[in-house]
Amino acid sequence: MTTYRRDRFDGYIAGAGSTSGRRFVVGVWERSPLGAFADVMVAHPDGCRELLAPSEQVAEYVSGTYQFDGVTLVDVVVDRSVRDGGERWVVQAGELQLSLAVGGRLLLAAPLLPVRGPLVHPLTARLIDPVARRVMPGVRTSGTAGNGRREHYLAQDLHAVEHIEGTWAGEPVGALADVAPEPNFGFSSTPRRPAVTRVTTFVEVPR
């Protein structure tokens, strides 16, 4: 019988598409078995999926859980600040320079707000998975990951991304667009509508 080690990651995920065809998933993890870190998943217009990771340890763990066509080790710095009454993320990661303006809480966040304390548990993710699939197509909260791993997502808040600007390799990324088509980094996609999600992720790794 397979036994699992359960790893917990607490932080925020920003998902945004762009009119250039690039889609970005920026993770800011405040607490994890790897310490605090940030990483970026990029889906390029040609369908290539690239991970921007700050260390070999992070690259090995994340690429062992999700699917990528390439991994690049770069310094990943995410500055989150409040300006003019709203939150702004400034992301610097190798060839990527990206700024995101975060807006108000989305209506879909209402049922997420009570998920606190003991409710932040893989069992909760499994129970709400059928509902999440119906409400947000492409989004799942419980499923299988790479290398025999199992993964559970528990969102606890959701805010709109209202604007992006930046460059990839010196070329403008364009204006904000839906996260479409799905990047297919794993069994679950970020919401189609650009958003920042406060989330706890449980990854169960076979021993």
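Read on for an overview of the structure. Since the structure is predicted, the reported quantities are computational estimates derived from the model, not experimental observations.

## Side note on the side chain of Ser-142
- Its location among the elements puts Ser-142 in strand β9 (residues 142-144).
- Setting aside anything within four residues of it in sequence, one finds Ser-142 in contact with Ala-125, Arg-126, Asp-129, Glu-151, His-152 and Phe-187.

## Here we look at the pattern of salt bridges
- Tallied over the full model, the rule gives twelve salt bridges.
- Residue Arg-6 is joined to Glu-204 by a salt bridge in which the shortest nitrogen-to-oxygen separation is 3.2 Å. Of this pair, Arg-6 sits in strand β1 (residues 4-18) while Glu-204 sits in strand β13 (residues 195-206), and the two are 198 residues apart along the sequence.
- For Arg-6, a relative accessible area of 45% corresponds to the partly exposed category.
- Judged by its relative accessible area of 3%, Glu-204 falls in the buried class.
- Within this structure, Arg-6, Arg-150 and Glu-204 form a network of salt bridges that share partners.

## Some thoughts on the nonpolar core
- In terms of nonpolar packing, the biggest core is built from 24 residues, with Val-40, Trp-89 and Leu-100 touching the most fellow members.
- Going through the elements one at a time, β1, β2 (23-31), β3 (37-43), β6 (76-83), β7 (86-93), β8 (96-105) and β10 (150-168) are the ones with two or more residues in this core.
- The biggest single contributor to this core is β8, with four residues.
- Residue contacts for Leu-100: discarding those within four places in its chain leaves Ala-14, Ala-16, Glu-87, Arg-88, Trp-89, Val-91, Val-161, His-163 and Ile-164.

## As for the pairing of strand β5 (residues 70-73)
- Across four bridges, the pairing between strand β4 (residues 49-53) and β5 is parallel. Looking at the pairing, Glu-50 lines up with Gly-70 of β5.
- The parallel pair β4 and β5, bridged by helix α1 (residues 56-63), forms a crossover whose chirality is right-handed.

## Here's the deal with the pairing of β7
- One ladder, built from eight bridges, connects β6 with β7; its direction is antiparallel. Along β7, the bridge assignment pairs Val-78 with Val-91.
- Linking β6 to β7, which pair antiparallel, is a turn of two residues; within it Asp-84 sits at a positive phi near 55°.
- Summarising the sheet, β7 and β8 pair through seven bridges and their orientation is antiparallel. What sits directly across from Ala-93, in β8, is Leu-96.

Rules of the game
Residues numbered from 1 in each chain as written. Predicted model: local features only at pLDDT ≥ 70, side-chain atom pairs only at ≥ 80, totals over all residues. Heavy atoms only, no water. Helix = DSSP H or I, 4+ residues; strand = E, 2+ residues; numbered from the N terminus. Contact = heavy atoms within 4.5 Å. Salt bridge = Lys/Arg side-chain N within 4 Å of Asp/Glu carboxyl O. Buried < 20%, exposed > 50% of the residue type's maximum accessible area, 1.4 Å probe, protein only. Core = buried A, V, L, I, M, F, W, Y, C linked by side-chain atoms within 4.5 Å. Pairing = 2+ DSSP bridges. Right-handed = clockwise from strand over helix to strand, strands pointing away.

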